[in-house]
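If you want the building blocks of each chain, they are given just below.
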Amino acid sequence: VSAGPAKTADTLRQALAMGADRAIHLQTNIRTDQELLSLSVAKLLAKIVEKENPMLVLCGKQAIDSDSGQTAAILAGLLGWPQAGSASSVILDDTKTLVKVAREVDAGI
């Protein structure tokens, strides 16, 4: 899922070429560098999560817009879900009900 102008479709096509099963483009003409705020994106993603009902949501470490790293935390708060940021490794158990996350911190992994 990606939010942005028409050219965002290029990024989604690349994700599909790399093996993603599906892509959802939340197309907007709002300037992504100043006006498309983390809270707005998190609210849009929350609606997608409500509709799609995934068991797990993975968010990127950074964005090319404000680079604030807030969207994932806000999304987790809106959903009432736990969140692990700065993941360097994500491992699902065999039942796919437990996630083990190694995190990047200032001192290392």
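Scope of this entry: the structure provided in the associated data block. Residues take numbers from 1 onward in each chain, read along the sequence in its written order. Per-residue local features are limited, in this predicted model, to residues with pLDDT of at least 70; the limit for side-chain atom pairs, both in listing and counting, is 80 or more; totals at the level of whole chains, interfaces and linings are taken over all residues. Excluded from the side-chain calculation are hydrogens and water; included are all heavy atoms of the structure.

1. Describing helix 2 (residues 38-52)
Thinking step 1. Here a helix means four or more residues in a row that DSSP labels H or I, a strand means two or more in a row labelled E, and each is numbered from the N terminus. Residue count minus one, scaled by 1.5 Å, sets the expected span of a helix. Between the first and last C-alpha of helix 2 there are 21 Å, a value that for 15 residues agrees with the 21 Å anticipated at 1.5 Å per step.
Thinking step 2. Contacts: residue pairs with any heavy atoms within 4.5 Å of one another. Turning to helix 2, the residues buried within the fold contact strand 2 (25-27) and helix 3 (71-79).

2. A closer look at the nonpolar core
Thinking step 1. One finds Leu36, Val41, Ala42, Leu45, Ala46 and Leu75 forming the largest nonpolar core, which totals six residues.
Thinking step 2. Those residues in contact with Val41, other than ones at most four positions away along the chain, are Leu36 and Thr71. Put simply, a nonpolar core is a bunch of buried Ala, Val, Leu, Ile, Met, Phe, Trp, Tyr and Cys residues held in one set by side-chain atoms that sit within 4.5 Å of each other. Throughout this description, buried means an accessible area under 20% of the type-specific maximum (1.4 Å probe, protein chains only), exposed means over 50%, and partly exposed covers the range between.

3. Quick word on the environment of Leu56
Thinking step 1. Within the secondary structure, Leu56 sits in the loop between helix 2 and helix 3.
Thinking step 2. A relative accessible area of 38% means that Leu56 is categorised as partly exposed.
Thinking step 3. As a C-alpha pair, Leu56 and Thr97 span 41 residues in sequence and 9.6 Å in three-dimensional space.

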